[in-house]
Amino acid sequence: MEKIENEKNLQVTFSKRCAGVFKKASELNTLCGAESAVVVFTPGKRAHSYGHPKELVHLEELLVRERHRKSELNHTFKP
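Remember, it's a predicted structure, so these values are computed and weren't measured experimentally.

Chemist: Before we move on, can you summarise the packing of aromatic side chains with the specific residues and values?
Modeler: Counted under the stated rule, the structure contains one aromatic pair. On the basis of an interplanar angle of 25° and a centroid distance of 6.0 Å, the ring pair of Phe22 and Tyr50 is categorised as stacked. A residue pair is termed long-range when its members are at least 10 positions apart, and Phe22 in helix α1 (residues 7–32) and Tyr50 in strand β2 (residues 47–51) qualify at 28 residues. Phe22 gets classed as buried once you look at its relative accessible area, which sits at 16%. Judged by relative accessible area, Tyr50 falls into the partly exposed class, the value being 22%.

What follows is the structure, given as structure tokens:
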């Protein structure tokens, strides 16, 4: 397996694979009663998410903390 170089093919593949991941998460929720959330970032850094609203709130909190942590690291490290 290797990275797709053609931009159009990459976007089509990303859309299909992303939909497949979200479908699997939905099936896990339905079949097992699990609560799940999935976030997928495009190569352009746009986020796509799927999940139960409660789980998405937890996920958003984690992302905010991670951004804050990275921001602090960038401010403390000065070459």
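Chemist: Give me the lowdown on the nonpolar core, citing residues and values where you can.
Modeler: In this structure, Cys18, Phe22, Ala25, Val38 and Val40 together form the largest nonpolar core, which totals five residues. For this core, the secondary-structure elements that each account for two or more residues are α1 and β1 (37–41). For this core, the element with the most residues is α1, which contributes three residues. Residues in contact with Val38, not counting those within four places in the same chain, are Val21, Phe22, Ala25, His48, Ser49, Tyr50 and Leu59.

Chemist: How would you sum up the layout of surface pockets? Please name residues and give values.
Modeler: Quantified by volume, the largest pocket comes out at close to 210 Å³. Lining the largest pocket, in full, are Met1, Glu2, Lys3, Ile4, Leu10, Thr13, Phe14, Arg17 and Pro43. Looking at the lining of the largest pocket residue by residue, the class counts come to five nonpolar, one polar and three charged.

Chemist: Give a description of the environment of Ser49 that names residues and reports values.
Modeler: Tracing the backbone through its elements, the reader meets Ser49 in strand β2. For Ser49, a relative accessible area of 46% gives the class partly exposed. Remark: the alpha-carbon pair of Ser49 and Val38, spanning eleven residues in sequence, is separated by 5.5 Å. Excluding anything up to four places from it in sequence, Ser49 contacts Phe22, Val38, Val39 and Leu56.

Chemist: How would you sum up α1? Please name residues and give values.
Modeler: Residue pairs spaced three or four apart in an α-helix point in one direction, given the helix's 3.6 residues per turn. Over its 26 residues, α1 extends 37 Å from the first C-alpha to the last, a length consistent with the 38 Å expected when each residue adds 1.5 Å. Residues of α1 that are buried include every one of Leu10, Cys18, Phe22, Ala25 and Asn29, and no others. Close packing links the buried residues of α1 with β1 and β2. Between the side-chain oxygen of the N-cap and the backbone nitrogen of Lys8 there are 3.0 Å, and the N-cap of α1 in question is Asn6. Following α1 by one or two positions, Gly33 adopts a phi angle in the positive range, close to 70°.

Parameters at a glance
Residues numbered from 1 in each chain as written. Predicted model: local features only at pLDDT ≥ 70, side-chain atom pairs only at ≥ 80, totals over all residues. Heavy atoms only, no water. Phe/Tyr/Trp six-rings, centres within 6.5 Å; stacked < 30°, edge-to-face > 60°. Helix = DSSP H or I, 4+ residues; strand = E, 2+ residues; numbered from the N terminus. Buried < 20%, exposed > 50% of the residue type's maximum accessible area, 1.4 Å probe, protein only. Core = buried A, V, L, I, M, F, W, Y, C linked by side-chain atoms within 4.5 Å. Contact = heavy atoms within 4.5 Å. 1 Å grid on protein atoms, 1.4 Å probe; cavity = no way out; pocket = protein on both sides within 12 Å on 5 of 7 lines; lining within 4 Å. Points joined across faces, edges and corners; volume = space filled by probe spheres on them. Nonpolar A, V, L, I, M, F, W, Y, C, P; charged D, E, K, R; others polar. Expected span 1.5 Å × (residues − 1). Polar contact = N/O pair within 3.5 Å; in protein donor to acceptor, adjacent residues only side chain to side chain.

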